[in-house]
Each structure stands twice: as C-alpha cells, then as structure tokens.
Amino acid sequence: MTGKQRREQLLDIGRTLFAERGFDGTSIEEIAARARVSKPVVYEHFGGKEGLYAVVVDREMERLLDSITNALGSDTHPRVLLEHAALALLGYIETSTDGFRILVRDSPVAQSIGGFASLISDAASQVEYLLAAEFSSRGFDAEYAPMYSQMLVGMVALTGQWWLDVRTPDKHEVAAHLVNLAWNGLAGLEQSPTLNGTPSPPPPPPK
C-alpha cells in the first residue's frame with residue numbers, strides 16, 4: 001500500500017469511527033488496529049487524532065458546501081433555488097450519513113475549526129446575494145438579506161439534523177414542506193405542498 005493509499009484508508013476508518021462514537025469515544029489505538037498498522041503510522045500521516053479528525057471534517061464540509069453551491073448555480077426562480085438547496089442537503093444526508101453525523105456532533109475540535117455553526121454560515125453566504133437581488137427587485141431593504149439567509153439556511157440545516165435519524169417522510173416531501181414554510185409563511189401554508197422545480201418521486205410499491 002502506497003503512502004497515499006494508507007492515508008485514504010486511515011481517513012475512511014477514522015470517518016466511520018468518528019461517526020459511530022464521536023471524537024472523544026474514538027482512540028488512536030482503535031484506528032490503528034482497524035488499519036492493521038502501528039500507532040506511529042497514524043501519527044506520521046496526521047500528527048494525532050485531532051489532525052485526522054480535522055481533515056475528515058474539512059472534507060465533509062467541502063463536499064456538502066459544493067453540493068449546495070452547485071444546486072444554487074442555475075439561474076432560475078428563487079423558490080426553485082430554495083427547493084434545490086433543501087434537496088442538496090437532504091441528498092447529502094441520505095448518501096453521506098456518516099459525514100453529516102460527524103458535522104453535527106459537538107466536540108472541542110469541531111468548535112475550534114468551525115463545525116456545524118461555521119457550515120451554516122458558509123452555506124448562508126452562498127444564498128445571501130440571491131436574497132439581496134430578490135429583496136431589491138421587490139423594493140425591500142437588501143441590508144437585511146444576510147440575516148434572512150442565516151434564517152433560511154439554519155431552518156433547512158436543523159431540519160436535516162432531525163431527518164438524519166427519522167428518515168420519514170422521504171426527502172422530496174420534507175423539502176416540499178420546508179419550502180412551503182419558507183416561501184409561503186405560516187399565514188399562507190399550502191395544505192399539500194409539492195416541489196415546483198423537481199419531479200415528484202414515484203409512489204412506493206404496495207406492502
């Protein structure tokens with residue numbers, strides 16, 4: 001195994017253990033044992049458990065932010081952009097469950113490198129300019145766009161944190177209800193919201 005392959009192996013093992021047990025519940029000894037290497041090999045690549053954890057978190061944050069940024073890249077109606085952003089987050093949770101578990105865990109290391117709060121802030125900055133343009137076109141004060149972007153992204157992110165474990169209803173239905181609240185407000189909620197810009201999934205097979 002080359003040095004690069006060994007590094008990737010240690011990252012994969014660390015990612016799995018951090019998701020299962022958290023930072024404090026994971027030891028260098030167990031990481032090394034699963035990789036069938038000595039502890040000095042882990043130290044050689046990452047300098048310790050903190051270094052390995054930081055790389056895992058940075059990778060997951062980059063992966064999630066890329067998916068959200070790509071979802072917002074198309075020039076389309078703001079409601080559809082919100083739908084895309086919600087689905088991007090829920091899709092990441094669905095396909096990278098371990099990664100999201102790591103991002104939302106509380107630990108001293110997560111706090112020192114930003115963690116979930118930083119993730120929300122970074123995602124909010126991606127939608128801030130869209131809200132500013134929408135506010136301006138409607139005659140609203142664009143100065144408030146940063147605050148509203150934090151509200152919107154925070155609502156989506158915390159809903160995703162809840163959905164991480166319950167996984168019901170499916171992501172399209174969750175996204176539709178998120179957009180329903182964000183777009184229409186409590187006073188204008190639709191009884192049976194659907195996604196405007198995304199085809200509805202096929203109905204589940206009969207049990």
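Residues numbered from 1 in each chain as written. Predicted model: local features only at pLDDT ≥ 70, side-chain atom pairs only at ≥ 80, totals over all residues. Heavy atoms only, no water.

Peer 1: Just to check I follow, could you spell out the environment of D24 for this structure?
Peer 2: Topologically, D24 is positioned in the loop between α1 (3–21) and α2 (28–35). Considering only alpha carbons, one finds D24 and K49, 25 residues apart in sequence, at a separation of 9.7 Å. (Helix = DSSP H or I, 4+ residues; strand = E, 2+ residues; numbered from the N terminus.)

Peer 1: Whenever I open this one, the layout of surface pockets confuses me. Can you help?
Peer 2: If a probe as big as a water molecule is rolled over the atoms, it shows which places are left empty. Considering only enclosed or pocket space, the largest pocket measures out at about 740 Å³ in volume. Lining the largest pocket are 32 residues; nearest its centre among them are P78, L82, L131, L152 and W183. Considering each element in turn, the lining of the largest pocket owes the most residues, 10 residues, to helix α8 (residues 115–137). Here the residues of the lining of the largest pocket sort into 27 nonpolar, two polar and three charged. (1 Å grid on protein atoms, 1.4 Å probe; cavity = no way out; pocket = protein on both sides within 12 Å on 5 of 7 lines; lining within 4 Å. Points joined across faces, edges and corners; volume = space filled by probe spheres on them. Nonpolar A, V, L, I, M, F, W, Y, C, P; charged D, E, K, R; others polar.)

Peer 1: Looking at this model, I keep getting lost on α1. Mind explaining?
Peer 2: Two residues of an α-helix separated by three or four positions point the same way, owing to the 3.6 residues in each turn. The end-to-end C-alpha separation of α1 is 26 Å, in line with the 27 Å expected for 19 residues at 1.5 Å each. Among the structural elements, α2, α3 (39–46), α4 (49–71) and α6 (97–104) are those in contact with the buried residues of α1. Remark: G22 follows α1 within two positions and exhibits a positive phi of approximately 80°. (Expected span 1.5 Å × (residues − 1). Contact = heavy atoms within 4.5 Å.)

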